[in-house]
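Results of the structural survey
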Amino acid sequence: MSEYRIHHDVDQLLSLLHVRGGDGAEGYIDLLQKHRTPYVTTTVSSHSAKVKLAEFSKTPEDFLRKYEELKSKNVRILDPLVYLLSKFCEDKEMLQSLQQNAKERAESSANTTSTTTTSYSLPQTSTKMSMQELDELRKKLGNVTASSTAPLPAEVTRKMLRDKHNKKNPTQPNPVFPNWVYDRPALLGDFIISPTPPGDPPVPIGTLPMATQELALVEDLLFVLIGVDGRDITAQPVLGRQNRSFIVDSTLDMSIKELVNRILPVASYYSTITRFIEEKSSFEYGQVNHALTAAMRTLMKEYLILVTQLEHLQRQGLLSLQKLWFYIQPTMRTMEILACIASSVDKGECMGGLTLSLLHDRTFNFTGDSQAQELCLYLTKAASVPYFEILEKWVYRGIIKDPYSEFMVEEHELQKEKIQEDYNDKYWDQRYTIVQHRIPSFLQKMADKILSTGKYLNVVRECGRDVTCPDAKEVLYTLKERAYVEQIEKAYNYASKVLLDFLMEEKELVSRLRSIKHYFLMDKGDFFVHFMDLTEEELKKPVDDIVPPRLEALLELALRMSTANTDPFKDDLKIDLMPHDVITQLLRVLAIETKQERSIINADSTDAGLSGLEAFSFDYIVKWPLSLIINRKALTRYQMLFRHIFYCKHVERLLCNVWISNKDFRKYALQSAKWISTAFALRQRMLNFVQNIQYYMMFEVMEPTWHIMETNLKTASNIDDVLCHHTSFLDNCLKDCMLTNPELLRIFSKLMSVCVMFTNCMQRFTQSMRLEHQETRDRPATQSTPAEEAEKKRVTTKLLAEHVDALQSDAGFEATISKFDSNFSTLLLDLLDKLSIYSTNDCEHSMISIIYRLDFNGFYTERLEKMAIERSQKAAV
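What comes next concerns the included structure. (Residues numbered from 1 in each chain as written. Predicted model: local features only at pLDDT ≥ 70, side-chain atom pairs only at ≥ 80, totals over all residues. Heavy atoms only, no water.)

Before going further, it helps to examine the overall build of the protein. For the protein, the helix and strand inventory stands at 32 helices and six strands. Buried residues in the protein amount to 41% of all 877 residues. Once local pairs closer than 6 in sequence are excluded, the contacts in the protein between residues at least 24 apart make up 75%. If you sum the accessible surface of the protein, you get close to 49,300 Å²; carbon and sulfur atoms cover 55% of it. (Helix = DSSP H or I, 4+ residues; strand = E, 2+ residues; numbered from the N terminus. Buried < 20%, exposed > 50% of the residue type's maximum accessible area, 1.4 Å probe, protein only. Contact = heavy atoms within 4.5 Å. Areas by Shrake-Rupley, 256 points an atom, 1.4 Å probe, with all protein chains shown as cover.)

Shown next, in the form of structure tokens:
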């Protein structure tokens, strides 16, 4: 059981018990994972658990009756459940907790009912109900209760199954027997219950001599054994799945009657088997049941031959009641087993894999009884033929042809094109799925390999190539499971190799991944420098003002004029202007498969005032079948990483531009140069921070993780391993780049914002100083017209008013630089402190290298230690 399945089951259990508070499901998962032990059901353990529960129950007879009913329906989890409940009985604390919980739930339910229901009062009657009327009412209520629990009529069941199939396969309707097959009871071979014909009442058989009684009873028994009522032995009507019972003339001699009652169970078995064959041989019940009824019909022919031979002896006067009992005994065991199997299949409403599981279990349960085991083995082999035919097509060719929904693998209508449209598409996981209750118990261990084998071959078939396993052999049921297990493993190995070679060699999967790495993980440095130089002005515009074809043209130019021109897949790279910033995109990815997913997707997807730099991303065209690996979910992860690094590159360029602009400060006559050195030092600290973060992400996270993935791909044996390694690579990159931790990402985002605001402030101040200096320098040299002079003055005044006067009004530019310094230092210390906590508590050791890089000379060590002491003091309080 996977961790996700355990989480789901625990969460559902807490919901059913109405448990609130505490740590929720997460608080119990670790305990379950550490203390769980594999439970193997044995006859001894299940029997002792059943006895223990029966002793604990207030109504042991009802408990045992229900247990036997579920056992007859072949409920697989019955014995493990009984074993678990028996353990509950031993734990007094657990029992008290469950009783208290049940009491609280009952009180809560009563309160809810009292507030939401309306009370009604019965009208008073002037007369009392008589005893006769009371008995009639009791009978009617009993009939209603019996009808509510009785099985549906066969016609209704067949119609439901037929409608279910036609809904799933509208183009392939089920074949149907004509109505006269069911309307003529004489064709069924079972007893026809008809009223007693008019005439003189028969002479009581008890008044006849013993020899005459025996001859009459032998004749009656031969009729009853083939489903026809006798004169003195008549069949009772049956309701639903009841066993047939008989009425024997009460005047019959006791010795003869005792021998007759020994033989009558065979007639009851015959009735049960005949009704089962006639019902389950219909097409609606599937091919497995149809094959089982055909095998039973063959065995019933041998039984009818025996009865015919006995009739021949009876006509010759050579058959006595004792001889009939002697001849029928070998057949009695066979009929009992067939009737028991028929009843279990009928009660459990078994089809397909369920029927095979029941037959397989019966075969193993008869170990030690060679004749009974041989009989069950014959039935299981016959019934498994159509199932194994479906299995062979699936594991040898990747084709599923299951007209009656019996096979363990179910196909769903999903389009592979959606892999590139929706990042939450689950084509690989949901196109073909395992249906647990259809898995035969003898194929349970191989279910996952069977599913994967057909999926692998189906992918290759979807690409237009016909594949057939060269080791294809007929799969036959046998008690030695290793025989068909080896065949399935051979088919699995072949399918894995075919698909893996197809993707790796013909479709060049690794080369495709390298191409994506060049662009999304910024592997081609010269291409990005050239591209950012070309698109810098365009990306500064609001996203609504950007012309995508222009960006595409600039991308094409950058690709052709850099080393990326040698990439054979460069034409698959496209521009994508996202409708949201990187933080929103992160939330969308983190919300996949959560309750918040729908609300986030349906929310307003366009951020107000989004710039081109914030919305810019790359996209990549991937065609089938590579889209199985590089699907929309994977591309979304790549986009997250790219946008994160791209924005860091942008901030680095801004800081470098400030460094270039700061050279002009030497030309200006400023009253005080103290704030200049503070600004220069702050700019250098910011640049050091951004560059070290980039180096860490690209050379300490992505490159080593990429090499690990490449090594793993070389040793991958199937496509699931490739998917796992690729997903693990992306997940590790996202985690180590702080993109899966909202707290770290929020601090990092604020740091980037402070850097951008600082660069904007410095650029505007530099521009205003440059304009002021230019105005002072050019005033005596040239004589401008009054209009030009006024325009220059207006622009200069505007810039100075916006960027200088505003700062001077807030205690001057020096105070503003000091405020930027304070904000940046506070946020950086907060980031380092959080990284220290996560690297220590959550074992994220890779993140600690960021601290070593940014605090290489111990500048922040003292402050971090002080913050750690304060945090421990707060925790102690």
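Residues Phe527, Phe618 and Phe689 are the most contacted members of the largest nonpolar core, which totals 110 residues. Here the element with the most residues in this core is helix H26 (residues 674-715); it accounts for 15 residues. Once you skip the residues sitting within four places of it in the chain, Phe618 turns out to touch Tyr519, Phe520, Phe527, Phe528, Phe531, Leu555, Leu573, Lys574, Ile575, Asp576, Gln639 and Phe642. Listed in part, the 86 residues of the second largest apolar core include Leu222, Val260, Leu377 and Leu451. (Core = buried A, V, L, I, M, F, W, Y, C linked by side-chain atoms within 4.5 Å.)

What follows deals with the pairing of strand E6 (residues 616-620). Extensive coverage of E6 is indicated by the burial of five of its five residues. Burial along E6 is two-sided: the residues Phe616, Phe618 and Tyr620 and Ser617 and Asp619 are all buried. Note that strand E5 (residues 573-577) and E6 share five bridges and pair antiparallel. Within E6, the residue paired with Lys574 across the bridge is Asp619. (Pairing = 2+ DSSP bridges.)

In the structure shown here, the tally under the stated rule is 29 salt bridges. When the shortest N-O distance is used, the salt bridge between Asp346 and Lys280 registers 3.5 Å. Residue Asp346 is found in helix H13 (residues 321-347), and its partner Lys280 is found in helix H11 (residues 254-280); the two are separated by 66 residues along the sequence. Assessed through its relative accessible area of 3%, Lys280 is described here as buried. Three or more residues joined by partner-sharing salt bridges are found here, namely Lys449, Arg482, Glu486 and Glu489. (Salt bridge = Lys/Arg side-chain N within 4 Å of Asp/Glu carboxyl O.)

Each pair of packed helices can be summarised by the angle the axes make with each other and by the distance between the axes. Contact pair helix H14 (residues 353-365) / helix H15 (residues 370-397): the axes reach a minimum separation of 9 Å and the direction vectors enclose 160°. When the axes of H14 and H15 are compared, the pair comes out roughly antiparallel. Note on packing geometry: the crossing formed by H14 with H15 is left-handed. Counting all contacts with H14, which are made through Gly353, Leu356, Leu359, His360, Arg362 and Thr363, the residues of H15 involved are Gln373, Cys376, Leu377, Leu379, Thr380, Ala383, Ser384 and Tyr387. When grouped by side-chain class, the residues that make up the contact of H14 with H15 number seven nonpolar, six polar and one charged. (Axes fitted to C-alpha atoms, helices over the stretch in contact; angles between N-to-C directions. Parallel < 35°, antiparallel > 145°, perpendicular 65-115°, else oblique. Left-handed = near helix turned anticlockwise from the far one by under 90°. Nonpolar A, V, L, I, M, F, W, Y, C, P; charged D, E, K, R; others polar.)

Turning next to the packing of H13 against H15. Contact geometry for H13 and H15: axes closest at 11 Å, N-to-C directions at 45°. Taken together, the axis directions place H13 and H15 in an arrangement best described as oblique. H13 and H15 meet at a crossing whose hand is right-handed. Together, Arg333, Thr334, Ile337, Leu338 and Ile341 of H13 and Ala372, Leu375, Cys376 and Leu379 of H15 make up the contact between the two elements. Grouping the amino acids of the contact of H13 with H15 by side-chain chemistry returns seven nonpolar, one polar and one charged.

This next bit is on the side chain of Asp567. By the secondary structure assignment, Asp567 is in the loop between helix H21 (548-560) and E5. One buried charged side chain, Asp567, makes no salt bridge at all; its nearest oppositely charged neighbour is Lys570, positioned 7.1 Å away. Within polar-contact distance, the side chain of Asp567 engages the backbone nitrogen of Phe569 at 3.2 Å. Residues within four places of Asp567 in sequence aside, it is in contact with Ser515, His518 and Tyr519. (Lys, Arg positive; Asp, Glu negative; His and termini not counted. Polar contact = N/O pair within 3.5 Å; in protein donor to acceptor, adjacent residues only side chain to side chain.)

In a regular helix each residue adds 1.5 Å, so 28 residues correspond to 40 Å; H15 covers 38 Å between its end C-alpha atoms and thus fits that length. The principal kink in H15, of about 40°, is found at Val385, preceding the proline Pro386 by one to four residues. Once H15 ends, the next one or two residues include Gly398, with phi positive near 75°. (Expected span 1.5 Å × (residues − 1). Bend = angle between axes of the 7 residues up to and from the residue.)

What follows is about the environment of Thr535. With respect to the helices and strands, the residue Thr535 is situated in helix H20 (residues 525-539). In this structure Thr535 comes out as buried when scored by relative accessible area, which is 0%. Considering only alpha carbons, one finds Thr535 and Leu613, 78 residues apart in sequence, at a separation of 9.7 Å.

Just distances and angles here, no functional claims.
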